Structures are given as C-alpha cells and as structure tokens.
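Report on the structure
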Amino acid sequence: MMSRFADAAKVATSKYPKTTNKTIKYGTAGFRSKAEELDFIMYRMGLLAALRACDTKAAIGVMITASHNPVQDNGVKLVDPMGEMLAPAWEVHATTLVNASDDEIPRALEKIGGEARIDLNHSPLVFVGRDTRPSSSQLCDAVISGVRVVGGDVKDLGVITTPIIHYVITCHNDGGTYGVPSEEGYYQKICEAFVKLRSSGASNGNYEPIVYYDGANGVGALMIANFLKHLGNSLSVSIYNDDGVLNHLCGADYVKVQQKWPEGVPRIQNVRCVSVDGDADRVIYSYIDSNDKYHMLDGDKIATLIAGYIQELLKNSGLKLKLGLVQTAYANGASTEYITRKLGVPVACAMTGVKHLHHMALQFDIGVYFEANGHGTVIFSKEARAAIRDAAQRNNENANKLSQVLDVINETVGDAISDMLLVETVLHARGWSIFDWDKAYADLPNRQMKVTVADRTVITTTDAERVCVTPEGLQNSINEMVKAYPQGRSFVRPSGTEDIVRVYAEASSQEQADELAIKVAGAVYDQAGGVGSKPQSL
Ligand code: 16G
Ligand code: ZN
C-alpha cells in the first residue's frame, strides 16, 4: 500500500534533498549549523511540527533562529502547545526524522505517528516565526512546505522574537486566557502593566528612566521600537545596533563572554546599557563607572534583584507563597551565597538549558530562574497566581503590585525586553541606580575555556553538571587543583551546542581563576583525549 506520506518523500527529493550523511542531533537549542546545510532539516521540521500538532491537537510553533551565533549560522526549534520546549520524546523523533534518507521519510513519519498514536484526521496548525538573518526567509519557506505537504495549515508570524512566538502559541492554545494571541496583544499586556507600576512618576530617588539599548543588530532592535509605542514617556530608550552585522562585537553574548562594552553604543559613563541577543531571549546589563571601569550585570545579578523584590512584596502582602531561585553550575558563587545567606531564598541548581531550569522552577509557588548568560524569567503556579489576583482585588496594595509585576513577565519563556522592563520596574520601585544594584554583592572572578577532544561524549557528569563522572579520575584531578585556590571552584561539561568541552573556573582573583581554568583545561585535554594543541594559556 502506498504510504499517505508518499508526497513528503517526493517533495524532499525534488526540492529539499538531504545534503549530508553526518548524524545530526536535536540538541539544547534544536538543530543549529551553517545556514546552507539546513534546507532539508527545515523541511523535515515542518513535517514533524504538523505531526506534533496532530498529536497534541493544538497549534505548534516553529522558530527559525541561531540566537547569539554568527549571522552565517541558522537553526530551528519547535515550541510545544503551552510555550514549552519540545517534549523529550519528540526530540528523539526529530533526530530520527532528520537522519532518515529522503526515501525513508514516509516510513519514519508512519513510525512516529504509530508510536505516538497520532490522530491523523486532526487538521494541524503550525505557527512559524523567524529572526532577521538573510537565510531565515528561505528556510522558513522550507518549513512551510513541510507543514503543507502533510495537509497542515500555517500562520506565518514573520520576523519576530523567540519569546513572542512562545507567548502567541500559549495564548492561542489556552483560548486567550494568558493574553491576546497576537504580537500586538503582547506589547499591550506587558507595557500597560509596566506603565501602571510607575504611575507615581518615572524618576525615583537614584533611579533615572534612561537606558541605552544594544539590539545586537537583530530582531530585538526592531521589536523594541514596537514596545516603545506603548511605553509613552515612562522610559527613555536610545536604540543602538539596529542595522549592522548580527551579533558582531555587540549583543548579550559578546558582552557576557568578552566582558566588554558593546561596539556601536556610545561609551558614556554611568549610563545603563541593555544588551540583547539575536532572537531577544537573553539580556545583560552593563555600565562604565566614573573611573572608566567596565561593569557587567549578568543573569545572576538580574535573578537576585528580581527574587529580592518579589520576596519583599510577598512579605509585605502577607501572602504565604514559596519563592525559590533556580540557577545552573555557571551561577557565580557570590550570587548563590548572597541569595541564600542574605535574602534567605532557597536556591536549586539545574542542568544548563532553559527547559531544565523551567522544569525545576515548577517546584516552587513562584520560581525565578536565570542562567548567568541572561536567559530567564519567573513562573507562578496556578494557585499562586490565583492567590495574588484575589488578594489584589481585596485592595492588598503589595499583592496588587505583584499582580501587575506578573503581567510584565513572560512566563512562557524568558524575554530580553520583558526582563528589561522587569529590572527597570524593580530599580524604579527601590529608587536605585545601577551602582546601587551592582553593589549588592561582588562577583567572584571567573574564566571559561573550551577544549577540543576527539569525542566529547566521553565526558559525563552528575549533580547538575557540577561533578564529572567519566573519564574516571578526572574529577579527582579537578578537586586537587581547586584545593590550591581560595574560593576556588571548577567544573567541566560537554557542550550541548558545539563539538567541544566547556571548562568553568572561579577563584578569589582573576589571575587565579585564569590559572585554575588553564590547569583544568589541561587535565581535560590529557584525560579525555584532547586534539590539537594542549591549552596552556587563555
Ligand atoms: C542553548 C540553551 C541555553 C544554554 C546554551 C548552552 C535554550 C533555549 N538555549 O543555547 O539555555 O545556555 O544552549 O550551550 O535552552 P552549551 O551547551 O554549548 O554550553
Ligand atoms: Zn537567544
């Protein structure tokens, strides 16, 4: 019998033939590589998204972006019905489908359909969105072909940020409970709450409502302009990096990794600079002080600022809700110390990757989660949300503020712009300048390095990637090295997005953090099959 998916193979062969025999895996960030290698993958992700929509009987999202990576790269990620990352079982299906030959596509689809017991009579709907990369439009057409060849319908959101597609999918599938399922609905919801929260005027104490915005030359630069239309004079935002090379010498990743002021933004002392990444789901703050020294405030600083504020509102409102913070192994030791000891907020550690943090944050009534690299948000349990809204209606002033804070947040996934508005809200409420915020605690100096090995899967870890299990003996070596450094800490993990092993080290001085990182990188090279030259300097 001819497969009902026979056309999927025909279109694959004629328009989107497979161009590689390398095994490819759906990783932490979906599929990501050089743009010219992605047509066939995009087409197949269109097929898969349609099947997933039948499986869940809900609309599914497909986002085309390579986030903070260079402009030549691209990538694709599927978004599940409630804005979550694709379910793990379907990551496996994605990998199977992409590694099948063109002829094997119908069989692979039948198999996935069978395993998931999909109702193929359902009419699938897939939302697609893309970033500003020149390759994104063509790759989007490939996704759309995939959806249509199996009878699916497409809603094309055009050029959009990753967090907006997560929001629109959620609202579409929950019948509009979370918000109006459109881009415009998103701006309105967030901005209205933001403006209300500063009804007493935009300045307060040391807080001035002025920011410089580094758009990374990407979609974040376009979208902020739309937000601004709804913000009135509540916040003055000067937009920079809106038409150069994407993520080049600017943006959240550059600022965080290089610990440098972004190019393209005027280097003015004492101004807050907000850097976002190429799809606007990461945010980093920085400033130059009066002595011309550069300071960076990363995801850890943002998380502690937000958690501290929510904790205060909770306390003053009398609401008994359990607040917690989720970090990863990359969280600066000083931030963990500050939040647990000073603020008394419990901290949990999750594996790298938004879905792991999100999942762990669900254990709290209110879970703040952030990666040091600036990915993060706050999520509220249904009960917590109801309790807050209820107390707000009974004129509990602090609950009312919390209720508005809830609307500034994108709970479906971290949004650089919504996170920025949340940070601005807290700074405004506290009457803080960026120095007041920064001085809460001092980051321990740290260093990250990469080591290339023949096979990075020889490195396995446990305890949220903080302990290395194999190769045997490597963790002991790391422990011995760390002992020699005051406040020393180090861990290694295989990257989920690049073919390398990552090394992290922190210590009480920059020289020592650098030295420790180099030593640990050397141990990885020696004990995990390093290739090329052994890392001996930064
Ligand atoms: C992906 C993850 C990010 C994580 C990074 C780690 C999402 C949406 N993105 O970009 O959260 O920090 O991978 O990369 O989950 P690595 O495994 O190469 O260190
Ligand atoms: Zn991103």
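None of these values were measured; they are calculated from a predicted model. (Residues numbered from 1 in each chain as written. Chains lettered and ligands numbered in written order. Predicted model: local features only at pLDDT ≥ 70, side-chain atom pairs only at ≥ 80, totals over all residues. Heavy atoms only, no water.)

A short note on the coordination of the zinc ion (ligand 2)
Note the following rule: Ligating atoms shown are N, O and S within 2.8 Å of the metal, or 3.2 Å for Na, K and Ca, and water is not included, meaning a site may look less than complete. In short, tetrahedral needs four donors with all angles between 85 and 135 degrees, square planar needs four and octahedral six donors with opposite donors over 155 degrees apart and all other angles between 65 and 115, and whatever is left is irregular. A helix here means a DSSP run of H or I that spans at least four residues, while a strand means a run of E at least two residues long, and both kinds are numbered starting from the N terminus. Burial status follows relative accessibility: with a 1.4 Å probe on protein chains alone, a residue under 20% of its type maximum counts as buried, one over 50% as exposed, and anything between as partly exposed.
In the first shell of the zinc ion (ligand 2), the protein supplies Ser67 (OG), Asp277 (OD), Asp279 (OD) and Asp281 (OD), at 2.0 to 2.1 Å from the metal. One can describe the donor arrangement at the zinc ion (ligand 2) as irregular, given that its four donor atoms subtend angles of 85 to 170 degrees at the metal. Within one chain, the residues donating to the zinc ion (ligand 2) are spaced in sequence as S-x209-D-x1-D-x1-D. With Ser67 in the loop between β2 (60-64) and β3 (73-79) and Asp277 in the loop between β8 (272-276) and β9 (283-288), the pair connects residues that are 210 residues apart, well separated along the chain. Here Ser67 matches Asp277 in class, with each residue buried.

Side note on the nonpolar core
Condition: We define a nonpolar core as any set of buried Ala, Val, Leu, Ile, Met, Phe, Trp, Tyr and Cys residues linked to one another through side-chain atoms lying within 4.5 Å. Here a residue-residue contact requires only that any non-hydrogen atoms of the pair lie within 4.5 Å.
Among the nonpolar cores identified, the biggest contains 82 residues, and Tyr285, Ile366 and Val368 are the most heavily contacted of them. With nine residues, the single largest contributor to this core is helix α10 (residues 299-317). Those residues in contact with Val368 that lie beyond four places of it in its chain are Ala303, Ile306, Ala307, Ile310, Leu323, Gly324, Leu325, Val326, Thr377 and Val378. Grouped together as the second largest cluster of nonpolar side chains are 45 residues, Ile41, Ile60, Ile112 and Val143 included.

Some details on the sheet that holds strand β19 (residues 501-506)
To be explicit about the condition: By the convention used here, strands pair only if DSSP detects at least 2 bridges between them. Here an angle of 0 to 180 degrees is reported between the N-to-C directions of two axes, which are lines fitted to C-alpha atoms, with helices fitted over the stretch in contact.
Across the sheet, which stays open at both edges, the three strands sit in the order β15-β19-β18 with antiparallel pairing between neighbours. Because the sheet does not close on itself, it has two edges, and the strands there are β15 (446-451) and β18 (489-494). Mean inter-strand twist for the sheet, computed between neighbouring axes without regard to direction, equals 15 degrees. Examined bridge by bridge, β15 and β19 share six bridges and lie antiparallel to one another. Within β19, the residue paired with Lys450 across the bridge is Arg502. Contacts between helix α18 (residues 510-527) and the sheet are confined to β15, β18 and β19, with β15 contributing the most and set at about 20 degrees to the helix.

Some thoughts on helix α6 (residues 162-173)
Using the following cut-off: Helices are assigned an expected span. That span is 1.5 Å times one less than the residue count.
Between its first and last C-alpha, α6 extends 17 Å over 12 residues, near the 16 Å set by a 1.5 Å rise per residue. What α6 keeps buried is the set Thr162, Pro163, Ile164, Ile165, His166, Tyr167, Val168, Ile169, Thr170 and Cys171. Against the buried residues of α6 lie β2, β3, β4 (125-130), β5 (153-159), α7 (183-197) and α8 (219-231). At the exit of α6 stands Gly175, carrying a positive phi of roughly 70 degrees.

Considering the environment of Ala392
Within the element layout of this structure, Ala392 appears in helix α13 (residues 382-393). When its relative accessible area of 11% is taken as the criterion, Ala392 is described as buried. Measuring from C-alpha to C-alpha, the distance between Ala392 and Asp7 comes to 55 Å, with 385 residues separating the pair along the chain.

Topic: the UniProt feature "domain: Phosphoacetylglucosamine mutase AMG1" (unreviewed entry) in the protein
We apply this condition: UniProt positions are given in the numbering used here, feature names are shortened, and annotations may be inferred rather than shown by experiment.
UniProt records the feature "domain: Phosphoacetylglucosamine mutase AMG1" (unreviewed entry) for residues 180-284 and 298-432 in the present numbering. Within residues 180-284, the helical portion is 34% and the strand portion 16%, while the C-alpha atoms at the span's ends are 28 Å from each other. This span, residues 298-432, is 56% helix and 15% strand, and a straight line between its end C-alpha atoms measures 17 Å.

Quick word on the pattern of salt bridges
How we decide: A side-chain nitrogen of Lys or Arg and a carboxyl oxygen of Asp or Glu constitute a salt bridge if their distance falls within 4 Å.
Scanning all chains against the criterion turns up 30 salt bridges. Across the pair Asp514 and Arg447 runs a salt bridge, and its minimum N-O distance is 2.7 Å. Here Arg447 lies in strand β15 and Asp514 lies in helix α18, a separation of 67 residues in the sequence. For Asp514, a relative accessible area of 14% translates into the label buried. One salt bridge connects Glu498 with Lys450, and the closest N-O pair in it is separated by 3.4 Å. Here Glu498, found in the loop between β18 and β19, pairs with Lys450, found in strand β15; they are 48 residues apart in sequence, far enough to count as distant. Here the salt bridges share partners, and the residues they tie into one network are Arg52, Asp55 and Asp80.

Topic: α10
The test is simple: Residues adjacent in sequence count toward polar contacts only when both atoms are side-chain atoms; beyond that, a polar contact is any pair of N or O atoms within 3.5 Å, and within protein one must be able to donate a hydrogen and the other to accept it.
For α10, with 19 residues, the first-to-last C-alpha span of 27 Å sits near the 27 Å given by 1.5 Å per residue. Its side-chain oxygen 3.1 Å from the backbone nitrogen of Asp300, Asp298 forms the N-cap of α10. Positive backbone phi, approximately 80 degrees, marks Gly318, located one or two places after α10.

As for the site of ligand 1
Put simply, the test is: Any residue with at least one heavy atom within 4 Å of a molecule or strand is counted as near it. Areas reported here follow the Shrake-Rupley algorithm with a probe of radius 1.4 Å; residue values treat only the protein chains shown as occluding. In the scheme used here, Gly and all other residues not listed as nonpolar or charged are polar, with Ala, Val, Leu, Ile, Met, Phe, Trp, Tyr, Cys and Pro taken as nonpolar and Asp, Glu, Lys and Arg as charged.
Taken together, 14 residues are adjacent to ligand 1, and Glu371, Ser495, Gly496, Thr497 and Arg502 come closest. Separating an oxygen atom of ligand 1 from a side-chain N or O atom of Asn373 is a distance of 2.9 Å. Bound to the protein, ligand 1 loses 93% of the 450 Å² it would expose on its own. Classifying every residue of the shell around ligand 1 gives two nonpolar, eight polar and four charged.

Side note on the pairing of strand β12 (residues 347-350)
Applicable threshold: Place the viewer so that the strands point away; then a crossover is right-handed whenever the path from the first strand over the helix to the second strand goes clockwise.
When strand β11 (residues 323-328) meets β12, the two strands line up parallel, connected through four bridges. Across the sheet, residue Leu325 finds its bridge partner in β12, namely Val347. In this fold, β11 hands off to helix α11 (residues 333-342), which returns the chain to β12; that crossover is right-handed.

Considering the UniProt feature "domain: Alpha-D-phosphohexomutase C-terminal" (unreviewed entry) in the protein
Within the UniProt annotation, "domain: Alpha-D-phosphohexomutase C-terminal" (unreviewed entry) is assigned to residues 484-521. Taken as a whole, residues 484-521 contains 32% helix and 32% strand, while its terminal C-alpha atoms sit 16 Å from one another.

What to know about the packing of α7 against helix α14 (residues 397-408)
As a reminder of what qualifies: Whether a crossing is left-handed or right-handed is set by the direction in which the near helix is turned from the far one by less than a right angle, anticlockwise for left-handed and clockwise for right-handed.
Contact geometry for α7 and α14: axes closest at 7 Å, N-to-C directions at 145 degrees. In this structure, α7 meets α14 at a crossing whose hand is left-handed. Across the interface between the two elements, Lys189, Ile190, Ala193, Phe194, Lys196 and Leu197 from α7 touch Lys401, Gln404, Val405, Asp407 and Val408 from α14.

Remarks on the packing of aromatic side chains
We describe a pair of aromatic rings using the distance from one ring centre to the other and the angle between the two ring planes. What counts here: Note on ring pairs: Phe, Tyr and Trp rings are taken, using the six-membered ring of Trp, and paired if centres are within 6.5 Å. Classes follow the plane angle, with under 30 degrees stacked, over 60 edge-to-face and the rest tilted.
Scanning all chains against the criterion turns up 13 aromatic pairs. Between Tyr187 and Phe227, the aromatic rings sit 4.9 Å apart at their centres with planes inclined by 70 degrees, giving edge-to-face as the arrangement. Taken as a pair, Tyr187 in helix α7 and Phe227 in helix α8 lie far apart in primary sequence, 40 residues in all. Between Tyr330 and Tyr504, the aromatic rings sit 5.8 Å apart at their centres with planes inclined by 90 degrees, giving edge-to-face as the arrangement. Taken together, the residues span a long stretch of sequence, with Tyr330 in the loop between β11 and α11 and Tyr504 in strand β19 at a distance of 174 residues. Across this residue pair, the class does not change: Tyr330 and Tyr504 are buried. Feature note: the residues Tyr167, Tyr178, Tyr186, Tyr187 and Phe227 constitute an aromatic cluster, connected by ring pairs.

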